[in-house]
Amino acid sequence: MSILTSLRSTRILKFLPLVSALCILVGITWLLLLPLDDYSRRTYISENALLPGQVHTYFGGSEQDVFRAYRHEVTALGKNASADGSGVMAEKIRGIFEAFGLKVGKQKFEYTTAGGVYAGENVYAVLQAPRGDATEALVLCAAWINTEGELNESGVALVLALARYLKRWSLWSKDIIFLITSDSRAGPQAWVDAYHDLHTPPAVTSLPLKSGAIQGVVVVDYPTSRGFESLHIVYDGINGQLPNLDLINTAVRIASGQMGIRTTLQEMWSHDNEYKDRLRTMLRGMVNQGLGHASGPHSSFIPYHIDAITLQAYGDGWHDEVTLGRTVESLFRSLNNLLEHFHQSFFFYLLMAERRFVSIGTYLPSAMLIAVNFTIAAIGLWLKSGRLNDKEDEDNKSNDGKGSEEKEGLLKSGEKAPSADEQPDLVSEERPLLLSMAFVVAIHFLGFIPLYLFNNLDEKNFTRAFYVFTLLNIALPSVLCAIFTKSFAPTSLHFTLIKCFSLLLLGMFLSALATLNFSLSFLIGVFASPITFINPTPKRKWTVGAAWMALLQGLTPTTALVGVALYWGEPLSEILKEAAFGWRVWGMWTQVVVWCVWWPAWIIAGVLVAGSWAVEA
């Protein structure tokens, strides 16, 4: 028997759903095993030139008094800021930088998205390296307003104090750019876009002053005047991109090893390095990576292949600005040792503790297995679509007299009658491809409607539009099915091919996405996995069809948006506003995957459930 005939056998076709289920189960189990010691590794420094923690730091003493003076000025400026507070801030900071003898530049920007205007003014200074040729640079950044909407008084003051302090050293081989942005979201993006001449004037003005290629960025977030307990390292970038692992390892080794500061990741303030804490840290990182939003000012730099992190001071403790200043000093001394851009360590990884990680070769199969389950199901449906339909099989079986005579003749001649599974299937060479493919493509293009809608509406209409869209979304599969069946009179074979093409596209998209944003591919694959097992349901089994439809309603992208809002503890309007801002300012494409890949697959699954009743007659 040929391989093709074997694949078309009834036994193999019945076995494929079990293979799909096994792929999903193994993929999820694979991910849950990663926090174990046997599947994860300890972090290590790949770039030997970094030499983290190998230098003596001198920041302190009189520099602490200078820092406190700057902090008083920043606090007073923040309290007395007018409506044009960013302009007053930029002018004041510019005067301080110029007093150090640094070259200073300012930049204005204005973004309009979701009916809101995000405007401000960045200010920065360039310390030219005494031993460099202005071909490479490092950036020390602090946002005037941090991600929590607080005045970053100690962070800005520390950058000013370090600018004054680091200028006195003659060992720098790379320029150092001291950047103060007016906020944590639009300001860094406007600055880095203009630095690479990819901005959109006049909304974003050009930079009057530039240096060389940026090798690394460190952002300081220290909004209080009190001491801190631990240092929270934020590393997630836009669209799930990550900085080189060597940068994080260097920061961890300097902070915890040299300075004695406890480091944390993913807001895991207490971490016992046990399985439960490792798993929670990994899942938190996957959620942030899957959402694809900017987790801090550093996120805007990562799409430009610039490795960047944010150091957040957390809690109340005995560590102060001197400890944090020495940490930044030692970190910049290590970055100054770089002979070339970060490249030796990992760019794709999952961190589950500050000194524990898994690389892409270990975790990628989990997302790939879930994506492969859709492809396997699609192959099974394609083979099934070439078989005789059930009516023809039943007609052949109903002819009892003739069938009995044939069987008796075979038995008399001494030959064994083949079983139903062993008999070769008659195959139809023609499949109605055009209508099925056109329907699937049309539904995928339909995803551009919510994509445009939620990225261009005014923010005050977000909540109302979302609820209206959710109600329409409930009825949409049934409405589309009714229009489709009345207009084209499709058969059950059409619906089989529609599901085949939909699963094939879903598997293809998620497999490609897994190499770019593993977490987004995995999460959508898990939410969409029930679509694999949805089959036409006869009208007499309406309870099964109703159960499938109820399950689908719980797996819609709209339900996922509500889940994200609950996870962040924010209203839906804020989530949609953040998504629209990310689309317009950050270039975030998570919405494209949600509305043009996941949502069409969900719609087609709903059409299949509704269409099975319509075709039965």
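All residue numbers refer to positions counted from 1 along the written sequence of the respective chain. In keeping with the model being predicted, local features are shown solely for residues with a pLDDT of at least 70 and side-chain atom pairs are shown and tallied solely at 80 or more, while totals for entire chains, interfaces and linings include all residues. For the side-chain quantities, the full set of heavy atoms in the structure was used; hydrogens and water were omitted.

Under an unreviewed UniProt entry, the protein has the name Glycosylphosphatidylinositol:protein transamidase, GAA1 component and belongs to Choiromyces venosus 120613-1.

## Some remarks on the pairing of strand E8 (residues 262-265)
Any two strands with at least two DSSP-identified bridges between them are counted as paired. By definition, any uninterrupted DSSP run of H or I lasting at least four residues is a helix, any uninterrupted run of E lasting at least two residues is a strand, and each is numbered from the N terminus. As paired strands, strand E7 (residues 228-234) and E8 are joined by 4 bridges and run parallel to one another. For Leu231, the partnering residue across the bridge sits in E8 and is Thr263. Where the polypeptide runs from E7 across helix H7 (residues 245-258) and back to E8, its parallel neighbour, the crossover connection is right-handed. A clockwise path from the first strand over the helix to the second, with the strands pointing away from the viewer, defines a right-handed crossover.

## Points about the environment of Gly507
If you trace the backbone, Gly507 turns up in helix H16 (residues 492-514). The spatial distance from the C-alpha of Gly507 to the C-alpha of Gly525 is 8.6 Å, given a sequence separation of 18 residues. With residues near it in sequence (within four places) discarded, Gly507 still touches Ala371, Phe374 and Thr375. Any pair of residues with heavy atoms lying within 4.5 Å of one another is described as a contacting pair.

## A word on the packing of helix H14 (residues 448-456) against helix H20 (residues 572-586)
What counts as an axis is a line fitted to C-alpha atoms, over the stretch in contact for a helix, and the angles between N-to-C directions run from 0 to 180 degrees. At a minimum axis separation of 8 Å, H14 and H20 run at an interaxial angle of 100°. Taken together, the axes of H14 and H20 are roughly perpendicular relative to one another. Contacts between H14 and H20 pair Leu451, Phe454 and Asn455 from the former with Leu576, Ala579, Ala580 and Trp583 from the latter. Looking at the contact of H14 with H20 residue by residue, the classes come out as 6 nonpolar, 1 polar and no charged. Any angle that is under 35 degrees is reported as roughly parallel, and any over 145 degrees as roughly antiparallel; angles of 65 to 115 degrees are reported as roughly perpendicular and all others as oblique. Any residue outside Ala, Val, Leu, Ile, Met, Phe, Trp, Tyr, Cys, Pro, Asp, Glu, Lys and Arg is labelled polar, Gly included; the first ten of those are nonpolar and the last four are charged.

## A word on the nonpolar core
One finds Leu34, Met282, Leu350, Phe518 and Trp595 to be the most contacted residues of the largest nonpolar core, which totals 73 residues. Here this core gets 16 residues from one element, more than from any other, and that element is helix H21 (residues 590-616). Where each domain starts and ends follows an automatic or database-derived domain assignment. Split by domain, this core shows at least three residues from each of two domains, domain 1 (11-35 + 366-387 + 432-614) and domain 2 (62-354). The residues contacting Leu34, other than those within four sequence positions of it, are Tyr39, Ser40, Met282, Leu350, Met352, Val358, Thr362 and Tyr363. Put simply, buried Ala, Val, Leu, Ile, Met, Phe, Trp, Tyr and Cys residues joined by side-chain atoms within 4.5 Å make one nonpolar core. Exposed residues in this analysis have more than 50% of their type's maximum accessible area, buried residues have under 20%, and partly exposed residues fall in between, with area computed by a 1.4 Å probe over protein chains only.

## Quick notes on the layout of surface pockets
Put plainly, a pocket is an open set of points on a 1 Å grid over the protein atoms alone with protein on both sides within 12 Å along at least five of seven lines, a cavity is a set where a 1.4 Å probe fits but cannot get out, and a lining residue has an atom within 4 Å of a point. Grid points are joined across faces, edges and corners, and a volume is the space filled by probe spheres set on the points. In this structure, the second largest pocket occupies an estimated 1,400 Å³ of space. Along the walls of the second largest pocket sit 47 residues, with Thr147, Glu148, Glu267, Ser295 and Gln312 positioned nearest its centre. Those elements that provide at least two residues to the lining of the second largest pocket are strand E3 (116-127), E7, helix H8 (275-291), strand E9 (307-319), helix H19 (557-568) and H20. The dominant element in the lining of the second largest pocket, judged by the number of residues it contributes, is H20, at 6 residues. Class assignment for the residues of the lining of the second largest pocket results in 19 nonpolar, 14 polar and 14 charged. If you count residues domain by domain, the lining of the second largest pocket takes at least three from each of domain 1 (11-35 + 366-387 + 432-614) and domain 2 (62-354).

## Examining H7
Multiplying one less than the number of residues by 1.5 Å gives the expected span of a helix. Between the first and last C-alpha of H7 there are 19 Å, a value that for 14 residues agrees with the 20 Å anticipated at 1.5 Å per step. With 10 of 14 residues buried, H7 lies mostly within the body of the structure. Leu245, Asp246, Leu247, Ile248, Asn249, Thr250, Ala251, Val252, Ile254 and Ala255 are the residues of H7 that are buried. Under this definition, polar contacts are N or O atom pairs within 3.5 Å; protein pairs additionally need one hydrogen-donor-capable and one acceptor-capable atom, and for neighbouring residues in sequence, both atoms have to be side-chain atoms. Put simply, Asn244 is the residue that caps the front of H7, since its side-chain oxygen is 2.9 Å from the backbone nitrogen of Asp246. Of the residues one or two after H7, Gly260 is the one with positive phi, at around 75°.

## Considering empty space enclosed by the protein
All chains considered together, the criterion is met by 5 cavities of 30 Å³ or more. There is about 50 Å³ of room inside the largest cavity. Taken together, the elements giving at least two residues each to the lining of the largest cavity come down to H8 and strand E10 (349-353). For the lining of the largest cavity, the residue count by class is 6 nonpolar, 2 polar and 1 charged.

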